[in-house]
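Breakdown of the fold
The primary structure of each chain is shown beneath.
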Amino acid sequence: MSHDPATVARMQLEKAARVMNLDPDLLEILRRPKRMVEVSIPVRMDDGRIRVFKGFRCQYNDFRGPFKGGIRFSPDVTKEEVEALAAWMTWKCAVVDIPFGGAKGGVICNPFELSENELQRLTRRFTYELMPLLGPDIDIPAPDMYTGEKTMAWIMDTYSVFKGHSEPGVVTGKSRIIGGSEGRREATGRGVVVVADEILRLRGDSLEGKRVAVQGFGNVGSFAALYLEELGARVVAVQDLTGTVYRTEGLPIQELVDYVAEQKKQHEIGKIPGVKGFANVETLDADAFWSLDVDILVPAAMENQITQDNAPLLRARYVVEGANGPTTPEADEILFKRGVMVVPDILANAGGVLVSYLEWVQDRMGYYWELEEVFGRMERKLRKAARDVYTKAQEYQTDLRTGAYILALERVAEVFYERELFP
Ligand code: GLU
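First, a word on scope: everything that follows refers to the structure included in this document. Only a predicted model underlies this, so the values are computations on that prediction, with no experimental measurement involved.

1. Some words on the overall build of the chain
Counting its regular elements, the chain contains 13 helices and twelve strands. On C-alpha atoms alone, the chain measures out to a radius of gyration of 20 Å, which is about the 22 Å that the 2.2 N^0.38 rule sets for 423 residues. A buried classification covers 59% of the 423 residues belonging to the chain. Long-range pairs, those at least 24 residues apart, make up 69% of the contacts in the chain with a sequence separation of at least 6. As displayed, the chain offers around 17800 Å² of accessible surface, 49% of which is attributable to carbon and sulfur atoms. Averaging the locations of the 53 positively and 63 negatively charged side chains of the chain gives two centres separated by 2 Å.

2. A closer look at the site of the ligand
The local shell around the ligand holds 14 residues, among which Lys-68, Lys-92, Pro-143, Asp-144 and Ser-356 are the closest. Here an oxygen atom of the ligand and a side-chain polar atom of Lys-104 are 2.9 Å apart. Ser-356 places a polar side-chain atom, nitrogen or oxygen, 2.6 Å from an oxygen atom of the ligand. Those elements that place two or more of their residues in the shell around the ligand are β3 (67-74), α3 (79-95), β5 (139-143) and α11 (351-365). Residues belonging to the shell around the ligand are distributed by class as follows: four nonpolar, five polar and five charged.

3. Focus on the pattern of salt bridges
Opposite charge on two side chains lets them pair, provided their charged atoms get close. Considering all chains together, one arrives at 38 salt bridges under this definition. The partner of Glu-262 in a salt bridge is Lys-265, with the nearest N and O atoms 3.5 Å apart. In this pair, Glu-262 and Lys-265 are both assigned in helix α8 (residues 253-266), three residues apart and thus about one turn of the helix distant. Looking at Glu-262, the relative accessible area reads 37%, which means it is partly exposed.

4. As for the pairing of strand β2 (residues 50-61)
When strand β1 (residues 35-44) meets β2, the two strands line up antiparallel, connected through ten bridges. By the bridge assignment, Glu-38 is partnered in β2 with Phe-56. Here β1 folds back onto β2 in antiparallel fashion, the turn holding five residues, of which Gly-48 has a positive phi close to 95°. Summarising the sheet, β2 and strand β4 (residues 102-108) pair through seven bridges and their orientation is antiparallel. If you follow Arg-57 over to β4, its bridge partner there is Gly-105.

5. What about helix α9 (residues 329-337)?
For α9, the set of buried residues is Pro-329, Glu-330, Ala-331, Asp-332 and Leu-335. Against the buried residues of α9 lie α1 (5-20), β11 (318-320), β12 (341-343) and α13 (400-419). In the segment just after α9, Gly-339 is the residue with positive phi, at about 80°.

6. Focus on the sheet that holds β5
The mixed open sheet is built from five strands, whose spatial order is β1-β2-β4-β3-β5. Every interior strand has two partners, whereas the edge strands, β1 and β5, have only one. Between one strand and the next, the sheet's axes are offset by a mean angle of 25°, whatever the strand orientation. This element, α3, spans β1, β2, β3 and β4 of the sheet and lies at about 155° to β4. Of the strands in this sheet, β1, β2, β3 and β4 are in contact with helix α4 (residues 116-130), which crosses β1 at around 140°.

7. Comments concerning the environment of Gly-403
On the secondary structure map, Gly-403 appears in helix α13. With residues near it in sequence (within four places) discarded, Gly-403 still touches Val-389, Lys-392, Ala-393 and Thr-398.

8. What about the packing of aromatic side chains?
Tallying each qualifying case throughout the model produces eleven aromatic pairs. With centroids separated by 6.1 Å and ring planes inclined at 45°, the aromatic side chains of Trp-91 and Tyr-405 adopt a geometry described as tilted. Placement of the pair is Trp-91 in helix α3 and Tyr-405 in helix α13, with a sequence separation of 314 residues. For Tyr-405, a relative accessible area of 1% gives the class buried. Pairing Phe-100 with Tyr-357 gives two aromatic rings, centres 5.7 Å apart and planes at 85°, and the pair type is edge-to-face. With Phe-100 in the loop between α3 and β4 and Tyr-357 in helix α11, the pair connects residues that are 257 residues apart, well separated along the chain. The exposure class assigned to Tyr-357 is buried, which follows from its relative accessible area of 18%.

Rules of the game
Residues numbered from 1 in each chain as written. Predicted model: local features only at pLDDT ≥ 70, side-chain atom pairs only at ≥ 80, totals over all residues. Heavy atoms only, no water. Helix = DSSP H or I, 4+ residues; strand = E, 2+ residues; numbered from the N terminus. Rg over C-alpha atoms; globule rule 2.2 N^0.38 Å. Buried < 20%, exposed > 50% of the residue type's maximum accessible area, 1.4 Å probe, protein only. Contact = heavy atoms within 4.5 Å. Areas by Shrake-Rupley, 256 points an atom, 1.4 Å probe, with all protein chains shown as cover. Lys, Arg positive; Asp, Glu negative; His and termini not counted. Charge placed at Lys NZ, Arg CZ, Asp CG, Glu CD. Near = heavy atom within 4 Å. Polar contact = N/O pair within 3.5 Å; in protein donor to acceptor, adjacent residues only side chain to side chain. Nonpolar A, V, L, I, M, F, W, Y, C, P; charged D, E, K, R; others polar. Salt bridge = Lys/Arg side-chain N within 4 Å of Asp/Glu carboxyl O. Pairing = 2+ DSSP bridges. Axes fitted to C-alpha atoms, helices over the stretch in contact; angles between N-to-C directions. Phe/Tyr/Trp six-rings, centres within 6.5 Å; stacked < 30°, edge-to-face > 60°.

Next up, the structure:
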């Protein structure tokens, strides 16, 4: 059985609500988004014709602060996916205790088939359609799948043009020269490893010498792999859309990063940059990836990757979710019974939004922190969140995902009872 992502997010929420005995009135509010906007985005293509794309922005909840969350460009975007991702942002920001709510945006398009100019026009028109809903105190987008610093610069510029002055705080994940933060690019991937390190430490274990398989080699997977290697783990397998590469003594990650970066630089329309063709490694079938002899599996690609079909095959003892929603509720149950510890997305990949928060704070202050300052702040907050989640899960005798939800829901509830309901 497969569920759409919004249903998955609701199942997770309802499970936690059951375990912690959440106020049913509050659950009724939290089960659905505050606002879901659907827009048509007409774009003049390079051949002179107009194509109309469909885009969404879901503003899920803002009890704890302005809406926050990325924008993805992908052919697989659906309204249900955007809703789920916005809900996860809400819980994620609460888990790491930053004063943001949750949102997400998406445009149904294939970015590999669009030119840079078409992408720019698409981004600017999407921003224009969302204008009244965005702002540094209202809703702050960031990068997500197939968007990045360039996309954020176009959003920031479009918004600023309409405001009549530069407004760097309207997006995060910008490049450093226009108000971005040191370390934001690496933050999500690095955070995945920081959280893994803390969870292993709590179990009396360490990353040293661990064999790891990473799925996805974009902004999350690549930086996670680099930092894993730095902390003494061996990344033996990497899988992306183009293929699966393997080397039992560990892959040379920096070389692999450079190999993929070179293809990205060329931005050849219709070609997906990836690990395929990398020299001196074994290549594996996509399915073989799941049953590899590894200690840690890092799904850092997309939703619905670990399902009831492949969960029984996993040999890893830890799954650390770099992606949002990579594990289905059925797989969660199988892994829990098998004693595989799943470190949930709303904790494991929160380093990204954490540094987004630091970027937003710096923009508001008009001041910049050095890289060590940024990483130091991120690491302290992430390690604390990991310990809080671990303790919560123990207290309720439950899995880490449910523990993370309980922690988040307690924090959201606290604000709700303090502010109470309008009117
Ligand atoms: N898109 C990232 C996520 O899923 C980052 C969001 C942000 O920085 O606002 O967490």
